[in-house]
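# Topology and contacts: notes
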Amino acid sequence: MNADTTRPTPAAPASPSDGSPIPANRLRGKDLVGIAELSVEEITLILDTALAMKEISSRPIKKVPALRGKTVVNLFFEASTRTRTSFEIAEKRLSADTLNIAASTSSVVKGETLADTVHNIEAMSPDLLVVRHSSSGSCHFLSRICRAGVINAGDGMHEHPTQALLDAFTIRERKGRLAGLKVAICGDLLHSRVLRSNLLLLTKMGADVWLCGPPTLIPAGFAQSGVHVTSSVDEAVEGADAVMMLRIQLERMLGGFFPSLREYFNVFGMTQDRVRRAKPDVLIMHPGPMNRGVEISSDVADGPYSVILDQVANGVAVRMAILYLLSGGAEHEAVA
Ligand code: CP
């Protein structure tokens, strides 16, 4: 994360809804490139601030002036529904001026480099850049060359930090804690940036993480990472407090990692029978987009344990919190 002394001085961040004080905002003027760079205290600060942002989002008038006068540019070089939309809604709720740039409508299609594209956008003085890119490490690269704050909205197979933060917020909202919970993460582990951010976040926060997928989709080294790794869905789901299903990322696969989608579903798909092995109040999660009938059956995705749409809703509050904290909080007025 880059610290930039030219960035704004913050006021105190929002208070959590239980009224307890939030520690000083150590995120002001920084980038959010990955969970790897966040401390437990910084993760807790984001989750607590998101509680206040969720309260704002529940009001009839959902707009507050916290980011009035700030400009946020959303630069999406890869497809997105949830992340791009929720960042834009979060920015508008905080009264920022927002701009959306998609790769297909930018001069990238004429051969302009990522660095030149971003330098040209920076010439127009944005305060924050929200970036999604297919290359792992692209956000680290931009954080080194940009004056504006950089928020990683998913970079290749590296990290998707705001997804992991909204996942943690959703679990904590339902279970009251993260520490000590059994969280099973199942599916295409190899290609998943959501997995990498969740693995970092959940282990930092003391959760008991189980990873499950076909041996061909388990990255080398994960077995030594201190978490449980298995190719048995039944073992991973047994007694789980939360089950996070990951999408099979066919677009990132060059070879055959499993014989067929039908066989994948039979062996690794989340079905009602498999959900019964988990705790009676298990949370079924998926970052989206879902492949119904491949990694998850429709009756599980739409069933009583599913919090998949809660994850999407919480994405707005969590992204409001991140935008607010990185931009320094409200300089002259309270968030509410
Ligand atoms: N979860 C997620 O990143 O979804 P999108 O690709 O639709 O943004």
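As the structure is a prediction and not an experimental result, all values here were calculated from the model.

Another point: the overall build of the protein chain. Within the protein chain one finds 11 helices and 9 strands. Put simply, the protein chain has 336 residues, and 55% of those count as buried. Long-range contacts, defined as pairs at least 24 residues apart, comprise 73% of the intrachain contacts of the protein chain with a sequence gap of at least 6.

Before going further, it helps to spend a moment on the site of the ligand. In the vicinity of the ligand, the contacting residues are Ser 80, Thr 81, Arg 82, Thr 83, Arg 132, His 160, Gln 163, Pro 287 and Gly 288. Between an oxygen atom of the ligand and a side-chain N or O atom of His 160, the distance comes to 2.8 Å. One nitrogen or oxygen atom from the side chain of Gln 163 is found 3.0 Å from a nitrogen atom belonging to the ligand. Residues that form the shell around the ligand fall into these classes: 1 nonpolar, 6 polar and 2 charged.

Here 4 strands make up an open sheet; going across it, the order is E2-E1-E3-E4 and the pairing parallel. Looking along the sheet, the strands with just one partner apiece sit at the ends: strand E2 (97–102) and strand E4 (149–155). Geometrically, the sheet is characterised by an average inter-axis angle of 15° between neighbouring strands, direction not taken into account. Strand direction decides the pairing type here: strand E1 (residues 71–76) and E2, joined by 6 bridges, are parallel. Directly across from Leu 75, in E2, lies its bridge partner Ile 101. Of the strands in this sheet, E1, E2 and strand E3 (128–133) are in contact with helix H3 (residues 114–122), which crosses E3 at around 160°.

The residue Ile 284 is located in strand E9 (residues 283–285) in this model. The buried category is assigned to Ile 284, whose relative accessible area is 1%. A sequence separation of 16 residues divides Ile 284 from Val 300, and the C-alpha atoms of the two residues are 7.7 Å apart. Each residue touching Ile 284, except ones within four places of it in the same chain, is listed here: Val 243, Val 275, Ile 296, Val 300, Tyr 305, Ser 306, Val 307 and Ile 308.

Within E3, 6 of the 6 residues are buried, which leaves the element mostly enclosed by the surrounding structure. Here E3 shows no split at all, with Leu 128, Val 130 and Arg 132 on one side and Leu 129, Val 131 and His 133 on the other all buried. Where E1 lies against E3, 5 bridges are found, and the strand directions are parallel. Paired with Leu 75 across the strands is Val 131, a residue of E3. By the bridge criterion, 5 bridges tie E3 to E4 in an arrangement that is parallel. Counterpart to Val 130 in the pairing with E4 is Ile 151. In this region the chain leaves E3, passes through helix H4 (residues 138–145) and returns to the parallel neighbour E4; the handedness of that crossover is right-handed.

This next bit is on H3. Turning to H3, its buried residues are Leu 114, Ala 115, Thr 117, Val 118, Ile 121 and Glu 122. Down the axis of H3, the buried side of the element spans an arc of 160°, and every buried residue falls inside it. Tucked inside the fold, the buried residues of H3 contact E1, E2, E3 and H4.

Rules used throughout
Residues numbered from 1 in each chain as written. Predicted model: local features only at pLDDT ≥ 70, side-chain atom pairs only at ≥ 80, totals over all residues. Heavy atoms only, no water. Helix = DSSP H or I, 4+ residues; strand = E, 2+ residues; numbered from the N terminus. Buried < 20%, exposed > 50% of the residue type's maximum accessible area, 1.4 Å probe, protein only. Contact = heavy atoms within 4.5 Å. Near = heavy atom within 4 Å. Polar contact = N/O pair within 3.5 Å; in protein donor to acceptor, adjacent residues only side chain to side chain. Nonpolar A, V, L, I, M, F, W, Y, C, P; charged D, E, K, R; others polar. Pairing = 2+ DSSP bridges. Axes fitted to C-alpha atoms, helices over the stretch in contact; angles between N-to-C directions. Right-handed = clockwise from strand over helix to strand, strands pointing away. Arc of directions from axis to C-beta.

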